[in-house]
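Per-entry structural report
Chain by chain, the residues:
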Amino acid sequence: MTSLPIINIPILRHGQPYESIEKFEIVHHATGEAVAQVSQANSGLIVRDIRRMNEAVLERFSVADLISMCGKAADLFMRATLPLGDAAQSFEEYVTQLSATTGMPIAYCRSNADKVRRVLAEMGTVIAGLTRGFDLNILDKGYGKQGDRTLSFYRDGRIFGAVLPSNSPGVHGLWIPAIALKSPVVLKPGREEPWTPYRIIEALCAAGVPREAFGFYPTDHAGAGELLRCTHRSMLFGDTTTTRPWKEDPRVELHGPGFSKVILGDDTAGDWERYIDLMVSSISANCGRSCINASAVWTPRNGRAIAEAIAARFAKVEARSANDPEASIAAFANADMARRISDMIDGQLREPGAEDVSERLRGRSRLVTKGRCAWLLPTVVRCDRRDHPLANREFLFPFASVVECPTAEMPDAIGPTLVASAITGDSALTQALMKSPHVDRLNIGAIPTWQISWDQPHEGNLFEHLYRQRAFQAESAA
């Protein structure tokens, strides 16, 4: 394996590179060789910079102007050689570096990069979905007419912050619309994944967005906390432990586990074989690392047969190196994390009422180690009890439980569900799911959980997070 040149990744203070004395190394997931030295920002620096940030830096542009810049940035992100610290980075180098430190297969790095490109390229559609299609000149002027109604909005999220993950580059599409909505952004990248947010920033700057609109602060837990406290609105990615302390803070939009589900109705559970491809895809797309991946299949009957069929498909999946074009699961950059997850699942399987169908069919453990790398093979657990600890769990690999439950009880029993793909023509079940406070995004019909529409936010509404509507009247001109 060819050694990669070590890159120095700086902090971006008001868009300007800044090299700190304190740095940390990120390494190749397979070889342990250093890939980059990353400057680390301390809490005090982050607080000072946010307080000095020009919150009006994007006000001189119309929303239409910023949408146009996003469109230009889409092409630059995918094609241009862009600044990266004291060096430059081509798109192919970006993909290689991203795979090296995250363990994601090269093919999946490319597909995630295309998700970022599509968000940038389709920003007009994204913003129309967030704003429900009103005239965007209203945001430029502060008020205006939509039909016969007067609308007025002001930007309450004057500086927007995001504490980002390392597990899936596609999630960066969730914060990018803040720029088109005129909010400067302050980003804390995931430890192993500084590559995507840095490249997005440089693409946007090359497209005409002022550098002062960006802050990029690799930092520790304390620094992330200060970023969330000091920005006016923010989003936080993480597991339940990470997001729980911010649960009651309305300024912070939480992106935790999705607990997304495929649901079969009484009318489709008998014909479940037709939907196996959809179930497998919903569980395993994007290496099973997204909150919109299904982590459970709920059905009124035939749970045992469904679990066997999905597990049989997954039994063919092998742990492969990231540059293998056949690789479909990601290596864990932190092998200890893979071991802890596997041990946790095994511990909970000791409680009666669940079986690891995958391990029985595969005949070997889900945990695979080669050198310093670790993988978790796709795992399907059949739960006889819907209150079993594994009936509603989510992990950073393709994992799903199969749970039987009467359809009349499903809407209340499924618990928090980011995406529910309900394959049914049963109007009673459909209406009950429509009314359920547990479901954030509802697909009716044979739609995989990962299939999203650009004109509909799948988790939260960034416009509503950043802007507030005000009552407004103006005296008519004489």
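Residues numbered from 1 in each chain as written. Predicted model: local features only at pLDDT ≥ 70, side-chain atom pairs only at ≥ 80, totals over all residues. Heavy atoms only, no water.

Here's the deal with the overall build of the protein
The number of helices and strands found in the protein is 17 helices and 24 strands. Against the 2.2 N^0.38 benchmark of 23 Å for 478 residues, the protein shows a C-alpha radius of gyration of 23 Å, consistent with a compact globule. Along the longest, intermediate and shortest principal axes, the C-alpha atoms of the protein span 70 × 60 × 35 Å. Classification of the 478 residues of the protein by burial places 56% in the buried group. Considering only residue pairs separated by 6 or more positions, the protein has 72% of its internal contacts joining residues 24 or more positions apart. Of the accessible surface of the protein, which amounts to about 19800 Å², a share of 48% is contributed by carbon and sulfur atoms. Placing the 53 positive and 56 negative side-chain charges of the protein at their respective mean positions leaves the two points 2 Å apart. (Helix = DSSP H or I, 4+ residues; strand = E, 2+ residues; numbered from the N terminus. Rg over C-alpha atoms; globule rule 2.2 N^0.38 Å. Buried < 20%, exposed > 50% of the residue type's maximum accessible area, 1.4 Å probe, protein only. Contact = heavy atoms within 4.5 Å. Areas by Shrake-Rupley, 256 points an atom, 1.4 Å probe, with all protein chains shown as cover. Lys, Arg positive; Asp, Glu negative; His and termini not counted. Charge placed at Lys NZ, Arg CZ, Asp CG, Glu CD.)

Remarks on the sheet that holds strand 24 (residues 467–469)
Pairing within the open sheet is antiparallel, and its three strands lie in the order 8-9-24. Each edge of the open sheet is held by one strand with a lone partner, namely strand 8 (143–146) and strand 24. Each neighbouring strand pair of the sheet contributes to a mean axis angle of 35 degrees, computed without reference to strand direction. By the bridge criterion, three bridges tie strand 9 (residues 149–155) to strand 24 in an arrangement that is antiparallel. Note on strand 24: the bridge partner recorded for F153 is Q469. (Pairing = 2+ DSSP bridges. Axes fitted to C-alpha atoms, helices over the stretch in contact; angles between N-to-C directions.)

So, the sheet that holds strand 17 (residues 354–356)
Sheet architecture is open: seven strands sit in the order 17-20-21-16-15-22-23, paired in mixed fashion. Strands with a single pairing partner mark the edges of an open sheet, and in this sheet they are strand 17 and strand 23 (439–444). The mean angle between the axes of side-by-side strands here comes to 20 degrees, regardless of whether they run parallel or antiparallel. Judged from the four bridges that link them, strand 15 (residues 260–264) and strand 22 (residues 417–423) form a sheet pairing that is parallel.

Notes on the pattern of salt bridges
Counted according to the given criterion, the structure contains 31 salt bridges. The shortest N-O distance in the salt bridge between R117 and D114 comes to 2.7 Å. Of the two residues, R117 and D114 both sit in helix 4 (residues 106–121), three residues apart, roughly one turn of that helix. D114 sits in the partly exposed class, given a relative accessible area of 25%. Through salt bridges with shared partners, one network takes in E308, E355, R360, R382 and D384. (Salt bridge = Lys/Arg side-chain N within 4 Å of Asp/Glu carboxyl O.)

Digging into the environment of A180
Residue position: A180 is located in helix 7 (residues 177–180). Looking at A180, the relative accessible area reads 0%, which means it is buried. Between the alpha carbons of A180 and V209 there is a distance of 9.7 Å; along the sequence they are 29 residues apart.

Quick look at the state of the cysteines
Counted by the stated rule, this structure contains zero disulfides. Lacking any disulfide linkage, C291 is separated from the closest cysteine sulfur, that of C287, by 15 Å. For C291, a relative accessible area of 18% corresponds to the buried category. C373 takes part in no disulfide bond, and the closest cysteine sulfur, belonging to C287, lies 14 Å away. Overall, C373 belongs to the buried group, its relative accessible area being 6%. (Disulfide = S-S within 2.5 Å.)

A short note on the packing of helix 3 (residues 91–102) against helix 8 (residues 195–206)
How two helices sit against one another is set out by the angle between their axes and by the gap between those axes. Running from N to C, helix 3 and helix 8 point in directions that differ by 155 degrees, and their axes come no closer than 10 Å. In this view, helix 3 runs roughly antiparallel relative to helix 8, as classed from their interaxial angle. Contacts between helix 3 and helix 8 pair F91, Y94, Q97, L98 and T101 from the former with W195, T196 and R199 from the latter. By residue class, the composition of the contact of helix 3 with helix 8 is four nonpolar, three polar and one charged. (Parallel < 35°, antiparallel > 145°, perpendicular 65-115°, else oblique. Nonpolar A, V, L, I, M, F, W, Y, C, P; charged D, E, K, R; others polar.)

Some remarks on the side chain of N443
With respect to the helices and strands, N443 occurs in strand 23. A polar contact of 3.1 Å, which involves the side chain of N443, links it to the side chain of S421. Leaving out residues up to four positions away in the same chain, N443 has contacts with V419, A420, S421, A422, P448, T449 and Q451. (Polar contact = N/O pair within 3.5 Å; in protein donor to acceptor, adjacent residues only side chain to side chain.)

A few points about the packing of aromatic side chains
The tally for this structure, following the rule as stated, stands at 11 aromatic pairs. Aromatic pair F77 and Y94: ring centres 5.6 Å apart, planes at 65 degrees, arrangement edge-to-face. Within this pair, whereas F77 is found in helix 2 (residues 63–79), its partner Y94 is found in helix 3, the two being separated by 17 residues in sequence. Across this residue pair, the class does not change: F77 and Y94 are buried. With 6.3 Å between their ring centres and 40 degrees between their planes, F395 and F397 make a pair best called tilted. Three or more aromatic residues joined by ring pairs make a cluster, and in this case those are F134, F153, F463 and Y467. The positively charged end of R289 is found above the aromatic ring belonging to F332, 5.2 Å away from the centroid. (Phe/Tyr/Trp six-rings, centres within 6.5 Å; stacked < 30°, edge-to-face > 60°. Lys NZ or Arg CZ within 6 Å of the ring centre and 35° of its normal.)

Notes on helix 8
Helix length check: helix 8, at 12 residues, gives a terminal C-alpha distance of 16 Å against a target of 16 Å (1.5 Å per residue), a fit within 8%. For helix 8, the tally of buried residues reaches 11 of 12 residues, placing the bulk of the element in the interior. For helix 8, every residue scored as buried is listed here: W195, T196, P197, Y198, R199, I200, I201, E202, A203, L204 and C205. One or two residues past the end of helix 8 sits G208, with phi positive at roughly 120 degrees. (Expected span 1.5 Å × (residues − 1).)

Distances and angles like these do not, on their own, reveal function.
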